[in-house]
Amino acid sequence: MSDANVRIPAETRDRLAEVAAAEGMSLRAYLAHLAETLLTPQEREERAEQARRVLREWSGYDPSEAEQASLDTELDRRIAAAGPR
């Protein structure tokens, strides 16, 4: 596997290295693991569609795009109200 260099602020690198060490990993291994576990926007959309399909088949619930948008807005509002942890 070939390597790539990524320029990030030193503070970001140090924080990531600290998180990696706490997980018992090198920064390189941690970033590789992170890249393998994060979903791309397309993968997230595919999973969301799969979840909607399962929900529809299981319960018959099939929200319209407007209902989904309203629910997303409400979820965003609640997350914002909860604040950072």
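Residues numbered from 1 in each chain as written. Predicted model: local features only at pLDDT ≥ 70, side-chain atom pairs only at ≥ 80, totals over all residues. Heavy atoms only, no water.

A. Molecular detail of the overall build of the chain. Per the secondary structure count, the chain includes 4 helices and 0 strands. Traced from its N-terminal end to its C-terminal end, the chain shows the element sequence α-α-α-α. Scaling as 2.2 N^0.38, a compact globule of 85 residues should have a C-alpha radius of gyration of about 12 Å, whereas the chain reaches 19 Å, well beyond that. Referenced to the eigenvectors of the C-alpha coordinate spread, the extents of the chain come out at roughly 50 × 35 × 25 Å. Evaluated residue by residue, the chain yields a buried proportion of 4% over its 85 residues. For the chain, the exposed surface amounts to about 7,800 Å²; the carbon and sulfur share of it is 54%. Taken as two groups, the 12 positive and 17 negative side-chain charges of the chain have centres that lie 4 Å from each other. (Helix = DSSP H or I, 4+ residues; strand = E, 2+ residues; numbered from the N terminus. Rg over C-alpha atoms; globule rule 2.2 N^0.38 Å. Buried < 20%, exposed > 50% of the residue type's maximum accessible area, 1.4 Å probe, protein only. Areas by Shrake-Rupley, 256 points an atom, 1.4 Å probe, with all protein chains shown as cover. Lys, Arg positive; Asp, Glu negative; His and termini not counted. Charge placed at Lys NZ, Arg CZ, Asp CG, Glu CD.)

B. Expanded view of the pattern of salt bridges. Applying the stated criterion across every chain, the model contains 8 salt bridges. Here Arg52 makes a salt bridge to Glu49, at a shortest N to O gap of 3.1 Å. Note that Arg52 and Glu49 are positioned in helix 3 (residues 41-59) at a spacing of 3 residues, about one turn of the helix. Among the ionic pairs, Glu49 bridges to Arg56, the shortest N-O distance being 3.7 Å. What makes Arg56 partly exposed here is its relative accessible area of 30%. Through salt bridges with shared partners, one network takes in Glu45, Glu49, Arg52, Arg56 and Asp62. (Salt bridge = Lys/Arg side-chain N within 4 Å of Asp/Glu carboxyl O.)

C. Region of interest: helix 3. Between its terminal C-alpha atoms helix 3 stretches 26 Å, which fits the 27 Å expected from 19 residues at 1.5 Å a residue. Of the residues trailing helix 3, Gly60 is marked for its positive phi of about 85 degrees. (Expected span 1.5 Å × (residues − 1).)

D. Focus on helix 4 (residues 65-82). Relative to the 26 Å expected for 18 residues at 1.5 Å per residue, helix 4 spans 26 Å between its end C-alpha atoms, a close match to the ideal helical length. With respect to burial, helix 4 is a largely exposed element, only 0 of its 18 residues being buried. Directly after helix 4, the chain includes Gly83, whose backbone phi takes a positive value near 75 degrees.

E. Layout of a nonpolar patch on the surface. A cluster of nonpolar side chains, Val54, Leu55, Trp58, Tyr61 and Leu71, forms an exposed patch at the surface whose accessible area comes to about 560 Å². Its place among the elements puts Val54 in helix 3. Judged by its relative accessible area of 47%, Val54 is partly exposed. (Patch = residues over 30% accessible without salt bridge, like charges linked within 9 Å, V, L, I, M, F, W, Y side chains within 5 Å.)

F. Expanded view of the packing of helix 1 (residues 10-22) against helix 2 (residues 27-37). At a minimum axis distance of 9 Å, the contact between helix 1 and helix 2 shows a crossing angle of 85 degrees. The angle between the axes of helix 1 and helix 2 places the two elements in the roughly perpendicular class. Contact with helix 1, carried on its side by Arg13, Leu16, Ala17, Val19 and Ala20, involves Leu27, Tyr30 and Leu31 of helix 2 and no other residues of that element. Its residues assigned to classes, the contact of helix 1 with helix 2 comprises 7 nonpolar, no polar and 1 charged. (Axes fitted to C-alpha atoms, helices over the stretch in contact; angles between N-to-C directions. Parallel < 35°, antiparallel > 145°, perpendicular 65-115°, else oblique. Contact = heavy atoms within 4.5 Å. Nonpolar A, V, L, I, M, F, W, Y, C, P; charged D, E, K, R; others polar.)

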